[in-house]
Amino acid sequence: MESRREFFIKSFKGLCLCAGGGFLATLALKADEGVFLRPPGAEDEERFLSKCIRCGLCVKACPYDTLKLASLLDAPANGTPFFKPREIPCYLCEDIPCIKDCPTDALDKNYLKKENGVKELKMGIAIVDSASCVAHWGIQCDACYRACPLIDKALKIETKRNERTAKHAFLLPVVDHEYCVGCGLCEKACITEEAAIRVLPRNYVLGKAGAHYVKGWDKQDENKLKNVGTQRKLDDKKAKDYLNAEDLL
């Protein structure tokens, strides 16, 4: 029979485990649920999480301290690298050291081989909030445009007549999703209290049209129509059954 001393020791250990578990659960519930971005080369979240070993080598390799490892107080999986562009954006190093130092290919090393390198990254997409962007108010501001490393490609300025004054033009920032790499330099440069231009993960932003739609200006896409008949096939019997339905008589 165990002594009273052993009984109390086991009970105390059990209470400590319960308290510790409750504390960790509380931390998890309080975790920052804000949007975050992954390092270059980690576009496929499922693939990235399956390969990332939480070693932190990409974090150490970043010369700008952009990347950090998630803790229990952060939204990303604990120990995985991420960054918040409003704090420190990705400065698009030409040699992409974070990818180069990744030991498991969790950060896709194909970007090290591609001719355009960092220009082909797809970390996220910048979105402009026209309600809070002062350029949409008529105030001349091109801070985000000037900060864009792919200026006049990923981020352009569109001029629009100001109907209210009939004297001034609106200089509006417009993002081209085909070129935007999601570095977040525009978000960092935004002058408003809360950034009026923000970079979001691509899966938050991009829709999917469906394979049955065809881009009329894309010759390759028009190949979908090669074996498609142009005559509509109508089911006469279905139409008659509908017209003869009891609830229509």
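Residues numbered from 1 in each chain as written. Predicted model: local features only at pLDDT ≥ 70, side-chain atom pairs only at ≥ 80, totals over all residues. Heavy atoms only, no water.

Turning next to the overall build of the chain. Along its length, the chain carries 8 helices and 6 strands. Put simply, the chain has 249 residues, and 31% of those count as buried. Accessible surface computed for the chain: about 17300 Å², of which carbon and sulfur atoms make up 54%. (Helix = DSSP H or I, 4+ residues; strand = E, 2+ residues; numbered from the N terminus. Buried < 20%, exposed > 50% of the residue type's maximum accessible area, 1.4 Å probe, protein only. Areas by Shrake-Rupley, 256 points an atom, 1.4 Å probe, with all protein chains shown as cover.)

By size, the foremost hydrophobic cluster in this structure holds 40 residues, and its most contacted members are Leu92, Leu107, Leu121, Leu155 and Ile197. Listed by contribution, the elements that provide at least two residues to this core are helix H3 (57–61), helix H4 (97–100), helix H5 (143–147), helix H6 (185–189) and strand S6 (197–200). Once residues within four sequence positions are removed from consideration, Leu155 is found in contact with Cys144, Tyr145, Cys148, Leu150, Pro173, Val174, Val175, Cys186 and Ile197. (Core = buried A, V, L, I, M, F, W, Y, C linked by side-chain atoms within 4.5 Å. Contact = heavy atoms within 4.5 Å.)

Moving on: the side chain of Glu187. By the secondary structure assignment, Glu187 is in helix H6. In terms of polar contacts, Glu187 uses its side chain to reach the backbone amide nitrogen of Val199, at 2.8 Å. (Polar contact = N/O pair within 3.5 Å; in protein donor to acceptor, adjacent residues only side chain to side chain.)

Structurally, Leu107 can be placed in the loop between H4 and strand S3 (125–128). With 56 residues separating them in the primary sequence, Leu107 and Lys51 have C-alpha atoms 8.6 Å apart.

The next subject is the pattern of salt bridges. Should their charged atoms come close, side chains of opposite charge can pair. Applying the stated criterion across every chain, the model contains 5 salt bridges. A salt bridge links Asp176 to Lys156; the nearest nitrogen and oxygen atoms lie 3.7 Å apart. With Asp176 in the loop between strand S5 (169–175) and H6 and Lys156 in strand S4 (residues 155–161), the pair connects residues that are 20 residues apart, well separated along the chain. (Salt bridge = Lys/Arg side-chain N within 4 Å of Asp/Glu carboxyl O.)

Another point: the environment of Ile157. Structurally, Ile157 is set in strand S4. Considering only alpha carbons, one finds Ile157 and Leu171, 14 residues apart in sequence, at a separation of 5.9 Å. Beyond its immediate stretch of four places on either side in the chain, Ile157 contacts Asp142, Tyr145, Leu171, Leu172 and Pro173.

Moving on to the confidence of the model for the chain. With 79% of its residues at a pLDDT of 70 or more, the chain shows a mean pLDDT of 83. Of all helices and strands in the chain, the one with the weakest mean pLDDT is helix H1 (residues 4–29) (49), whereas H6 scores best (98). Segment residues 18–31 is flagged for pLDDT under 50; beyond a separation of four residues in sequence, or across chains, it makes 7 contacts in the model. (pLDDT = per-residue confidence, 0-100.)

The phi dihedral of Arg54 falls on the positive side, at around 60 degrees, and the residue is not glycine. One can find Arg54 in the loop between helix H2 (45–51) and H3. Exposure remark for Arg54: the relative accessible area of 34% places this residue in the partly exposed category. Positive phi outside glycine occurs at Asp152, with the angle close to 70 degrees. Within the element layout of this structure, Asp152 appears in the loop between H5 and S4.

Looking now at the packing of aromatic side chains. Think of a pair of aromatic rings as described by two things: how far the centres are apart, and how the planes are tilted against each other in angle. Inspection of every chain in the model, using the stated rule, returns 2 aromatic pairs. Here Phe36 and Phe82 contribute two aromatic rings whose centre-to-centre distance is 6.0 Å and whose plane-to-plane angle is 80 degrees, an arrangement assigned as edge-to-face. Here Phe36, found in the loop between H1 and H2, pairs with Phe82, found in strand S2 (residues 81–82); they are 46 residues apart in sequence, far enough to count as distant. For Phe82, a relative accessible area of 1% puts it in the buried group. (Phe/Tyr/Trp six-rings, centres within 6.5 Å; stacked < 30°, edge-to-face > 60°.)

Summed over all chains, the structure comprises 0 disulfides. The thiol of Cys93 is not disulfide-bonded; the next cysteine sulfur, from Cys62, is found 6.1 Å away. Assessed through its relative accessible area of 17%, Cys93 is described here as buried. Cysteine Cys102 shares no disulfide, and the gap to the nearest cysteine sulfur, in Cys55, comes to 6.3 Å. (Disulfide = S-S within 2.5 Å.)

What follows concerns the side chain of Thr192. With respect to the helices, strands and loops of the structure, Thr192 is situated in the loop between H6 and S6. Polar side-chain contacts of Thr192 include one of 2.6 Å to the backbone oxygen of Glu194. There is a polar contact of 3.2 Å between the side chain of Thr192 and the backbone nitrogen of Ala196. In contact with Thr192, other than residues within four places in its own chain, are Arg86, Ser132 and Val134.

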